[in-house]
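Spelled out from the first residue to the last, the chains are:
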Amino acid sequence: MKKQLITLNINGEDMDLRIAPTDLLVDVLRKEAGLTGTKKGCGQGDCGACTVIIDGKAVLSCLTLAIACQGKKITTVEGIADHKTGEMNPIQKAFLNHGAVQCGFCTPGMIMSSYNLLTRNPQPTRTEIRRALSGNLCRCTGYLLIFEAVEACAAEGGVL
Amino acid sequence: MAMNKLWEVSNKYNDYKDYTREYTEVGRSIPRLDGPMKVTGKLQYTDDLTLPRMVYAKLLRSPHAHAIIKNIDFSRALELDGVLDVLTGKDFPIDYGIIAHSANEQVLARDKVRMWGEPVAAVCALTEEIAEKALELIDVEYELLPVIVDGRDAERMANEEGVLIHEDKPGNIAHQGKQQYGDVDAILAESDLVVEKEFYSSQYTHAFLEPQSALADYDVHKNKLHLYATCQVPHYTHQQLAKVLQMPMKDIRITVPLLGGGFGGKGVASTADFVTSKFSSRIGRPVKCTYERAEVFATHQGRHPCYMKFRIGFTKEGKITAVDFDNLMVGGAYMSWGVVVLFYTAAMSHIPYVAPAAKFAGRRVYTNTNTCGAHRGLGGSQPRFAMEIMMDMAAEQLGISPLQIRLLNAVESGHTCRNMMYIPHSEFKKTLQTAADNSDYENKRGKLPFGKGIGISGGYYISGTSYTLYLSYKPHTVATVKIEGENNVVLFCGATDIGQGADTVMAQMAAETLGVRSEDVKVVSRDTEISTFDLGTFASRVTYATGWAIRRACEAANQLLFPVAAAIMGCRGQEVGVKDYQFYSIYEKKRKNVDWHEVVEQYISSNGPLTTSGQFTPPRRKGIQQGGNIGHSPTMGFTTQVAEVEVDLYTGLVHVVKITEAGDLGQPINPMSVEGQVHGSIQMGLGNALLEEMRYADDGRLLNPSFHDYKVCGTMDMPEVEATIVESYDPSAPYGGKESGEGPIQPTPPAIFNAVYDAIGFRCTEQPLTQEKVLNYLKSIGKNL
């Protein structure tokens, strides 16, 4: 299909990208924008590895057409660290320090869902955390240390 | 030289940490060293890599489970703009397989397909979209054959209807074996109690999040191949690539970027590895192939379903007298790890208990279902599921507690099994008692209200294997350490980090012996050219085997550094210890320490570069017969789990509330990593128990090749876990540590099944324990609400 040039705002930067109208956001992020932090685990909206934040909502980028994201603010795992220093976001540090990362393939999606939860609900209960992450599959960790990381991040001042 | 000899004598003293256990790096819960790259999204997995001029490959897969390929016409595909090349089975006349002796897997099917989703052709094109479009333009003419889906039909359909999946395998029997240790029939006839039961363990898959991917870069000027692949056994794949592509091994280099999970499923070469390599060699451009999720399911290579018949004899006190185990193992379409898994089920049927006599008869049959292979807890999970339920049945019939019957039969350190397998170290009893105490098992068992229950199960797993498949007798693993002022410590090893955190643990072990900080050790691994040889990640061998190689390499370096330090300190070499970058006297605290960097500089200035190596091969044992060598291991880890469940009497849903776990894994190298392994094992075991099963239509199509239809344990399903590492130290192990990643998956399903029995009296023997089964049972006793 014929490609066209569109502008997407990704992690606070306007990027001119060459896409087809049928291109999915996950593929555009990974192949056109070079942001391979967003992972593709199933391509069917089941695993959550491709989760990004669009205008404040956690969204599955494998079910989202890139062309429909014009004029919106897209945040990926590469965009939540401190823009000036590159220092990790507190949720990233919490995942690291609480053993919430094993193979790391679900991690970007998990972190984006957790980040989004904490921006909406700075003091979530364990049940709220389970619900917020229920669209994200992890096959290594058994989730419990991920819950602990989110709780620790909330207790230590949150993501902002 | 004289100094070295002196040190060799003093080396005995410098192993003092083995008894003082004054570890500074081993035992630290450090975050994994690749963690910052992972949480920021910077880490590049195979599919994240891009090379200049890279193009894409896609596979055409069979829609039929058993069919003759009459003709493949790909002329229309080749005409499509942007298509560069097409391959079919004719381009791959040589079969491959992880076990060289029984290799029968085709890269692309040649004459017939034997399972749904088997690759029959491959297209290489400028984009994935074009490649996908080209797949639709390939015309394959199939002649359908009768399909065998149920493993119990395999022999009958061969004998009565002449349906053979592999023409050279009469009866569709891939492999069979028998073992007999003692006169089991006679012993059972004289036993006070014989428990007899049949079980079915289901086919479930790894479901790692990262799909298989391969990126081949063939240099047509030098005729050299560089393959980036999602592989947990790069050196085996190295051998198989050389064989299939007819290339010298020296011209092939495999680099494994970090893996997004493996669990055994990446313990085989993938079609993508071969196809991208071949394409790249033909067109001179880098070629990438990444599987869709449905292709990951089709590839499977996971848990073998087993139809198991057990007879176990007991004395009236509850001591096991003999174990008789008949196993019909359903293999799917090809061999994969089949022979190994079959004999592992035999070896692993009775441990962690003492069985004075044992008998095994097993067959692995071919079916037109997706090929089974290695899956976390290989060969152990199936018989463990059966036997742990039978231990409860025996306890009930003998009027003793399930905990007591396990304590009575538990193996202890220094036990030689009936099949000559040796268990150097076991704290299994401690795990039983700890898990029971922490869950208040004895006070809850049988006393909870209808619908609530508690169940216990033991488990164990090997820490490596003495007998492996690699076609040579070279050392199983090698580690090399390079020490220099500019780079501190660079550790070259062959361990393949599949997500479990091997790279971090390797750094910790090197740092422990060298007396440096783990964070400062650079680990170079997962590359067949620049890192060292290692058999790969399977059989929970990495920490133990690579650990010994690392320890020996680092001790060899210390052997060179200690005399230099001793000379500066003015003491004897045997007095020197090292930690926190300081050489010190292990006897005299007053003696002035010497800085590690200073000693390294001194050594290199006067002697030259400092690079040392170590190796490890597990010892073999004499007197092992009847295939009992498969499963033999240098040591074993043990674990006990207690599951607490609530059964919803309206819906039949089994809700696992809590798992209380106690593990004997020796000295934990990184306790936080261990906790993660235990949680992850329980999560996977829970899926095995309650949720997961690959289901087939009558025509052999896999019905649930997606996470939508194949449910794995999610955040809402995961129970609370209380995990305890019991005090344990295995003196045969490097730094005292044993396996911790495969043992803890074994007890989860039987503990849950036993808990459901305690809750509602349902003695289910077939995985998974679905709502439907529970509801039917509740209806049958008139208890559903």
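Residues numbered from 1 in each chain as written. Chains lettered and ligands numbered in written order. Predicted model: local features only at pLDDT ≥ 70, side-chain atom pairs only at ≥ 80, totals over all residues. Heavy atoms only, no water.

1. Considering the interface of chain B and chain A
At the interface, 50 residues of chain B touch 44 residues of chain A. Between chain B and chain A, the buried area comes to about 3,800 Å², and carbon and sulfur atoms account for 58% of it. Of all residues in chain B, V39, L209 and T715 of chain B bury the most surface against chain A, accounting for 20% of the area lost on that side. Between R30 of chain A and D48 of chain B there is a salt bridge, with its nearest N and O atoms 2.8 Å apart. Our count for the contact surface shared by chain B and chain A stands at 26 residue pairs in polar contact (both at pLDDT 80 or more). Residue contributions to the side of chain B that touches chain A peak at 8 residues, all from helix 19 (residues 671-691) of chain B. In the side of chain B that touches chain A, the residues fall into 23 nonpolar, 18 polar and 9 charged. (Contact = heavy atoms within 4.5 Å. Buried area = accessible area lost by both parts, 1.4 Å probe. Salt bridge = Lys/Arg side-chain N within 4 Å of Asp/Glu carboxyl O. Polar contact = N/O pair within 3.5 Å; in protein donor to acceptor, adjacent residues only side chain to side chain. Helix = DSSP H or I, 4+ residues; strand = E, 2+ residues; numbered from the N terminus. Nonpolar A, V, L, I, M, F, W, Y, C, P; charged D, E, K, R; others polar.)

2. Regarding the nonpolar core
Across soluble globular proteins, nonpolar side chains have a tendency to be buried as a group. Within the largest apolar cluster, 206 residues are counted, with the highest numbers of intra-cluster contacts made by I91 and F95 of chain A together with V275, I752 and I760 of chain B. When residues in this core are grouped by element, the largest group, 9 residues, is from helix 12 (residues 381-398) of chain B. Those residues within four positions of I752 of chain B in sequence are excluded, and the remaining contacts are A643, V645, V654, V656, L686, A689 and L690 of chain B. Listed in part, the 50 residues of the second largest apolar core include V26, A557, M569 and V576 of chain B. (Core = buried A, V, L, I, M, F, W, Y, C linked by side-chain atoms within 4.5 Å. Buried < 20%, exposed > 50% of the residue type's maximum accessible area, 1.4 Å probe, protein only.)

3. Here we look at the pairing of strand 1 (residues 4-10) of chain A
Residues and elements named next belong to chain A. In this sheet, strand 2 (residues 13-19) lies alongside strand 1 in antiparallel orientation, the contact comprising 7 bridges. Looking across to strand 2, one finds that L5 is bridged to R18. Pairing geometry for strand 1 and strand 5 (residues 73-75), over 2 bridges, is parallel. Paired with N9 across the bridge in strand 5 is K73. (Pairing = 2+ DSSP bridges.)

4. Things to note about the pattern of salt bridges
Pairing between side chains of opposite charge can happen when the charged atoms of each approach one another. Following the criterion strictly, the structure yields 57 salt bridges over all chains and no others. Salt-bridge contacts for R156 of chain B lead to E160 of chain B; the nearest nitrogen and oxygen are separated by 3.7 Å. Of this pair, R156 of chain B and E160 of chain B both sit in helix 6 (residues 154-161), 4 residues apart, which is roughly one turn of the helix. Looking at R156 of chain B, the relative accessible area reads 34%, which means it is partly exposed. We classify E160 of chain B as exposed; its relative accessible area is 59%. One connected set of salt bridges, linked through shared partners, spans R30 and K39 of chain A together with D47, D48 and K288 of chain B.

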